[in-house]
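Tertiary structure, described
Here's the letter readout for the chains.
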Amino acid sequence: PVVADTTTKTLYLPDSGHTVALPSADTSASLELQQSSAASDVVVVATTEALYSVNLGSGQLTTLSSGHSGSVAAPVQVAGCVHAAWADGATGSYVRTCGTPPPAAATGSSASTVQQFSLDDTAGAPVLVFRVNNGTLVLNDTTDGGVFLVDSTVQNVRPKWTPVNTAGNSST
């Protein structure tokens, strides 16, 4: 288990006895600990500015990606890859880095992806959440129901939701 103090931006690793503070240069007000995942040697945490991994045994902190802004989705680890996303107005930012341990994301690297994408949200400020089901990963904008397929690219799959009549009309 990992305990996160979002106020001090500190992670507590009870099994190894390490306490890990995020860099003081990261001026984010808070952090998002990764969603639960399969067993891994690292835990991943994101702030509004950056993505970090922490080795659970040694407490070694690694910056995987930086230079982000906006609200952050809780990152996920799926099938040996770390995924993170940020929403900043109408623009989203997505990072994927694969490997053991996950390497820092670099443009042009086959092991990682850093991509900007359009959120196309008409219902207000986007709120992004990763959804994992049987090893399949999508990014969901919970504000308007938007769904994004993520891998080496981000693809907006705009569901055509059918309005439901909840007024209780009955046919007699």
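That block above? That's the structure.
Residues numbered from 1 in each chain as written. Predicted model: local features only at pLDDT ≥ 70, side-chain atom pairs only at ≥ 80, totals over all residues. Heavy atoms only, no water.

Considering the overall build of the chain
Helix and strand counts for the chain stand at 0 helices and 16 strands. Per-residue burial over the chain gives 40% buried out of 172 residues. Of the contacts made within the chain by residues no fewer than 6 positions apart, 39% connect residues no fewer than 24 positions apart. By element, 52% of the accessible surface of the chain is carried by carbon and sulfur atoms, the whole surface being about 9,100 Å². In the chain, which carries 5 positive and 12 negative side-chain charges, the distance between the mean positions of the two groups comes to 9 Å. (Helix = DSSP H or I, 4+ residues; strand = E, 2+ residues; numbered from the N terminus. Buried < 20%, exposed > 50% of the residue type's maximum accessible area, 1.4 Å probe, protein only. Contact = heavy atoms within 4.5 Å. Areas by Shrake-Rupley, 256 points an atom, 1.4 Å probe, with all protein chains shown as cover. Lys, Arg positive; Asp, Glu negative; His and termini not counted. Charge placed at Lys NZ, Arg CZ, Asp CG, Glu CD.)

With respect to the side chain of Ser28
Mapped onto the fold, Ser28 is located in the loop between strand 3 (18–21) and strand 4 (32–33). Among the residues examined, Ser28 registers a relative accessible area of 6% and is labelled buried. A polar atom in the side chain of Ser28 sits 2.6 Å from the side chain of Asp26. A distance of 3.4 Å separates the side chain of Ser28 from the backbone nitrogen of Glu49, its partner in a polar contact. Apart from the residues lying within four places of it in its own chain, the contact partners of Ser28 are Lys9, Thr47, Thr48 and Glu49. (Polar contact = N/O pair within 3.5 Å; in protein donor to acceptor, adjacent residues only side chain to side chain.)

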